[in-house]
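Coordinate analysis (summary)
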Amino acid sequence: MTDTAPPTSTQATQASQAQVRCCIAGGGPAGMVLGLLLARAGVPVVVLEKHVDFLRDFRGDTVHPSTLEVLHELGLLEAFLQRPHDRIEQLCASFEGRNFPVADFTHLPSHSKFLVLMPQWEFLDFMCDEARRYPGFELWTDAEAVGLLQDKGRVNGVKVRRGRRAGKPQDVELHASLVVASDGRHSALRDAAALPHISYGAPIDVLWMRIPRESGDPEATAGHIAAGHLLVTLNRGDYWQCAFVIPKGGHAALQARGIDAFHAEIGKIAPFFADRLAKALPDWNAVKLLEVTVDRLESWSCKGMLCIGDAAHAMSPVGGVGINLAVQDAVAAANLLAPMLAGTATDKQIDDMLPQLQRRREWPVRVTQAAQRMVQDRVLVPVLGGKMTAVAGHVPWPLRLLSRWPVLRRLPARAVGLGVRPEHVTSPQRSL
């Protein structure tokens, strides 16, 4: 992956008054999809990615059928599926050593009746390669949005620190008709704009780790519930990407018990891992903590700025739907704003349109967050508290129903795979 190189001191001075139609802070899925759709419509756009590349472990790698449908509508699905990936047609859960089918994607009313597991850097590289086909697109890497530029009470650009990770930091001012904050749940731009948010908290955190796959391992991506613990194992071909769910704030206590005790807990849940844990996880540096938050902005926009994805609504990892909701935000934003940004719309006309995105996307977010919070409180908390165990052969009734009636597996597949109000591409396309 290549990008615009970090500037020299002279170049930074010359770029201090750079102007673009739209600046997108955050090179994650929402930012890259929106960048592609705007460039496709003929909008000059710069996407800012604070890292030097996309190669980072433990970014979400689930691409749901709703996102695959967007790629189909763009004519990109076949090329996308040439990238390394795993197809998941069904999701399963292991409860106290017994396997139960949970979701069946093969009946979805979409072109892709499966879920894709793909390293997020592959997804982002693909979107970037497609966006670069359009002359108005630029990706700046090692470029972090650190503040807002304002004029007469309106955001009109961002302060960008370029080259910090290369050891040659330079500050640049990038002016734009519209700034889009897609810089995640710890968004510097939403904080700079002082946008108030509603925080729901969360009773869980998640530890991420990689464990090598070996011959004889199960094939399926699955969730494992046993002994008061929950472990999710994602089949990544030659390794397992694993998420170990812990009570909120329980990380320090877990570390205090020692890495060997942690190995023992993982081995109880997934016995096939037991003989490789000491080598795969020699110390706590191999285990990464994700502090789970669930929140939502009261207002997703202000004059000159719009928030999408986790910057507008941080999601729980339940269902792995955060990425796909962010992509849906990006599609809806492009549908709404691309014709205006590609044309001669004034700043006021753009500002007047921004609240419409929240009016369209807030209801799906509210419904999804409510469902996630219900699962957290009614399933995950009892599991972690040891209250959901197979006493006298008892299995929770949802697993019994899903196992007995295959048609019911279509419901969680629809909820996870397509979600609430999936978006479709209506933004225009300019000829290359």
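Report on the accompanying structure. Please read all numbers here as calculations on a predicted model, not as lab measurements.

**Describing the layout of surface pockets**
In this model, the second largest pocket occupies a volume close to 230 Å³. In terms of lining residues, the second largest pocket is bounded by 16 residues, among which Ser 94, Asn 99, Pro 218, His 224 and Phe 272 are the most central. Sorting the residues of the lining of the second largest pocket by element identifies strand E5 (90-95), strand E14 (222-226) and helix H8 (259-269) as the ones contributing at least two each. Top contributing element to the lining of the second largest pocket by residue count: E14, with 4 residues. Counted by class, the lining of the second largest pocket contains 10 nonpolar, 4 polar and 2 charged residues.

**A closer look at the sheet that holds strand E3 (residues 62-63)**
Pairing is antiparallel across the open sheet formed by 3 strands, whose spatial order is E3-E7-E4. Either end of the sheet is taken by a strand with one partner, and the two such strands are E3 and strand E4 (86-88).

**Structural notes on helix H10 (residues 322-342)**
Helix length check: H10, at 21 residues, gives a terminal C-alpha distance of 29 Å against a target of 30 Å (1.5 Å per residue), a fit within 8%. Of all the bends in H10, the greatest reaches close to 40° and is centred on Leu 336; the proline Pro 339 follows between one and four positions later.

**Section: unusual backbone geometry**
The backbone of Asp 142 sits at a positive phi, close to 50°, despite the residue not being glycine. Assignment of secondary structure puts Asp 142 in the loop between strand E8 (137-141) and strand E9 (143-151). For Arg 421, which is not glycine, the phi torsion reads 55° and is therefore positive. Here Arg 421 is to be found in the segment after helix H13 (410-417).

Parameters and conventions
- Residues numbered from 1 in each chain as written.
- Predicted model: local features only at pLDDT ≥ 70, side-chain atom pairs only at ≥ 80, totals over all residues.
- Heavy atoms only, no water.
- 1 Å grid on protein atoms, 1.4 Å probe; cavity = no way out; pocket = protein on both sides within 12 Å on 5 of 7 lines; lining within 4 Å.
- Points joined across faces, edges and corners; volume = space filled by probe spheres on them.
- Helix = DSSP H or I, 4+ residues; strand = E, 2+ residues; numbered from the N terminus.
- Nonpolar A, V, L, I, M, F, W, Y, C, P; charged D, E, K, R; others polar.
- Pairing = 2+ DSSP bridges.
- Expected span 1.5 Å × (residues − 1).
- Bend = angle between axes of the 7 residues up to and from the residue.

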